[in-house]
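Listed below, chain by chain, are the residues.
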Amino acid sequence: MKAQKIDGEGHPQKRITDEILVQIGRSVLFVFAIVAVVAIVIVQFAISSSKEMELRLESEAAVHELNGFLSKYIKSAQQLAVNPDIRFVLSETKPGDDISQTEKMDMVREFLGNIVDTDPENFMTSWIADLDASVLTQSDNFTSEEGWDITGRPWYPCIDGGYTILTEPYVDTGSGKLIVSAVAPVYDAESKEPLGVAGLDISLERMKEVMSSYKVGKSGYIMLFSSAGTMVYHPQEELLQKNISEINVSDILKQAVLNGEETLLRYKIDGITKYGVVSMSKETGYIAVSNLPISEYYNLLFIMIISLVAVFILGVLMIVLSIKRSASNLTKPILQLNHTARQLAQGDLDVELNITAQDEIGELGQSIGGTVSRLKEYIVYIDEISDVLADLAQGKMNIQLKNDYVGEFQKVKEALINISINMSDVMEKILHTAEQVSIGASELSNASQILAEGASTQAAAVDGLLTSTVAIEEQVQQSRTDAEVSAEATVRVTTMMEQNQDKMKSMMEAVNNIQETSQQVVGIIQTIEEIADQTNLLSLNASIEAARAGEAGKGFAVVADEIGKLALESSKAANMTRDLIGISMQEISKGNTIAKGVMTSLEESVTAVGQVNDMIRKTAESVVTQADNMEQIRAGVQEISQGVQDNSAAAQETSATSQELASQAVMLNDMVQRFELRHK
């Protein structure tokens, strides 16, 4: 079993295949459910119609069987009623007469016996009853006793109604069999006046056997009721002769039987639900009720439902497999895109996309491929810019940008080239100035050295003239100012130092311009960060739109999230570039500090040269005085000796200062030599 993936928030990660399966499967199941319901309803209707037809046919067949069974006995009773001898006997019998003594009674009794003999199995007896005498006599010679009342018989209404009647079933006291009487009114042939009735007592045993042979389905059967609701036939003997109101059946069946309604019913007998059709015989008035247990009634429906369920389950499984296979084919390019997006999020741009789909996923793959290509170009730009800034930090002004920059990166390229050109120009000027300062310092040093050597020679000469030192002491004191001989040289050096100071100020302004240009580069990097932020915002908007699209847009929400991560990585790269530029600015700041130091040294040199200039000027004034008093030199050798000694010390000090200035100029030259200029 595959482990479920977890997303960045700790929630189980959903799979597109499962989402497609759920969405389509839900619709398929819904359609299958509708089809199943419609199929079940149709099958139920068909089965119900079929079962209703079966029940109705069974009920009608029972009614036809009953009609066929009883109709011949009804006809036999009607034949008795039109027999002339019976009419004669009933017309001749008067109140108080003994009907057995009536003329033709023997012939009538013989006829009644013959009727019974035609079907002794079903005929119990045949009989006639006289209306006037209120007497009954049977084929078995039984005659009713005195006091027998014809009007109290249940079949008496047939006399007034003029129709043949079947009595309610009853048990024969002699045989114990369930019988029914078919009674027909007897009328005078001429006057049509009622004379009495002729009837047959019919055993229902045969009819019970016939009804028991009727089977409805596997366990259904037929019930027979008389028009008054008396149970004529039921498989359970104890229910015979009971009225339907005394039986534990549903009221709907009781009303249908008592009202003679022919209809399909769902009812209960002894708590068991059954279906049945009520059919009534118009000839006899008897009612046949078929019944079938509900389990058997819907047996075929249950089988059909089980079959449909099995077919639907098989169909659903096949559809699920087909959906999973199709979804798997659909999600393969999406998984490849997701893998590529993860590689991009991890900074690996060496990716390839082989999406051959001709749909929206293929378009998305092409878009991501274009984004990857553009990111690769940006990485090349950033790498080259980082290398160039590192070269600038190391003093290599001769930079070259090999790539053709596009977009905002074109401004970065132009700024870097401008930095290189301006820095090279400034450094060349500083180098030239340093060379001039070095030459001037060397000349000053040489002049000071010559002056020191001359002073030493004079001191040696004066030592030979120690006796004359007192006379020329005052003039020697003035000779200390003889350095005015080199006043013009010191003035020129002062002018050059001031020029170098101005050039150094220009260099510092150039360094400040470099800092401002670096700030512009930082602004460009901020523009890159804003582009990354806009890309991230677009990714967020895409995620929101995908969320609004619902489940169908979740796959695109994942891609939008990965693009947002790419924007974040771009922002991080821009921050790294800004840090590198910051390091370059620090290096430039260090150069600015060194330049300020050089500026300070130049200022100090200018001050020292000014002091030397003053000393030389004084020496020049003293030289003028010494020229006027040359004749008195010998007299003041002592004074000159002291002055020469002081002059020698000052010359040595000037020489040392000149050498220090030359050393500072060389140091400045070395510092400038660190930069590799573009024009070398």
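Calculation criteria
Residues numbered from 1 in each chain as written. Predicted model: local features only at pLDDT ≥ 70, side-chain atom pairs only at ≥ 80, totals over all residues. Heavy atoms only, no water. Core = buried A, V, L, I, M, F, W, Y, C linked by side-chain atoms within 4.5 Å. Buried < 20%, exposed > 50% of the residue type's maximum accessible area, 1.4 Å probe, protein only. Helix = DSSP H or I, 4+ residues; strand = E, 2+ residues; numbered from the N terminus. Contact = heavy atoms within 4.5 Å. Pairing = 2+ DSSP bridges. Salt bridge = Lys/Arg side-chain N within 4 Å of Asp/Glu carboxyl O. Axes fitted to C-alpha atoms, helices over the stretch in contact; angles between N-to-C directions. Phe/Tyr/Trp six-rings, centres within 6.5 Å; stacked < 30°, edge-to-face > 60°. Lys NZ or Arg CZ within 6 Å of the ring centre and 35° of its normal. Parallel < 35°, antiparallel > 145°, perpendicular 65-115°, else oblique. Left-handed = near helix turned anticlockwise from the far one by under 90°.

With respect to the nonpolar core
Residues Leu70, Ile128, Ile202, Met207, Met211 and Leu224 are the most contacted members of the largest nonpolar core, which totals 54 residues. Top contributing element to this core by residue count: helix H1 (residues 16-81), with 13 residues. Look past the residues within four positions of Leu224 in its chain and what remains in contact with it is Leu66, Met207, Met211, Thr230, Met231, Val232, Tyr233, Ile287 and Ala288. By size, the runner-up hydrophobic cluster in this structure holds 28 residues, among which are Ile385, Met508, Val522 and Ile588.

Some details on the pairing of strand S6 (residues 194-203)
Among the 10 residues in S6, 9 count as buried, and that is most of the element. Here 7 bridges tie strand S1 (residues 123-130) to S6, and the two strands are oriented antiparallel to one another. Bridged to Phe123 within S6 is Ile202. Pairing of strand S5 (residues 178-187) with S6, which is carried by 9 bridges, proceeds in the antiparallel orientation. Bridging from a neighbouring strand, Ala182 pairs with Leu200 of S6.

Quick notes on the pattern of salt bridges
When charged atoms on two side chains of opposite charge get close, those side chains can pair. Considering all chains together, one arrives at 5 salt bridges under this definition. One salt bridge in this structure joins Asp85 and Lys104, with 4.0 Å as the shortest N-O distance. With Asp85 in helix H2 (residues 84-92) and Lys104 in the loop between H2 and helix H3 (105-118), this residue pair connects regions lying 19 residues apart in the sequence. For Arg206, the salt bridge is made with Glu209, and the minimal N-O distance between the two is 3.4 Å. Remark: Glu209 and Arg206 occur in helix H5 (residues 205-212); sequence separation between them is 3 residues, near one turn of the helix. We classify Arg206 as partly exposed; its relative accessible area is 36%. Residue Glu209 is classed as partly exposed on the basis of its relative accessible area of 45%.

Remarks on the sheet that holds strand S11 (residues 287-293)
In spatial order, the strands read S8-S7-S11-S10-S9; together these 5 strands make up an open sheet with antiparallel pairing. Sheet topology places strand S8 (231-233) and strand S9 (264-269) at the edges, where each strand pairs with a single neighbour. In this sheet, adjacent strand axes meet at a mean angle of 35° when their direction is disregarded. Looking at chain direction, strand S7 (residues 221-225) and S8 are connected through 2 bridges and run antiparallel.

Overview of the packing of aromatic side chains
For any pair of aromatic rings, the description rests on two quantities: the centre-to-centre distance and the angle between the ring planes. Counting across every chain of the model gives 4 aromatic pairs. With a centroid separation of 6.4 Å and 35° between ring planes, the pair formed by Trp148 and Trp155 is classed as tilted. No difference in accessibility class separates Trp148 from Trp155, as the two residues are buried. These aromatic residues form a ring-pair network of at least three members: Phe69, Tyr73 and Phe123. Sitting over the face of the ring of Phe88, Lys104 holds its NZ or CZ atom 4.6 Å from the ring centroid.

Some details on the packing of H2 against H3
Look at H2 against H3: their axes get within 9 Å of each other, and the N-to-C directions meet at 130°. On the basis of the axis angle, H2 is oblique to H3. For the crossing formed where H2 meets H3, the hand is left-handed. Residues Asp85, Ile86 and Val89 of H2 lie in contact with H3, whose contacting residues are Met105, Met107, Val108, Phe111 and Leu112.

Everything listed is a geometric property; what it means functionally is a separate question.
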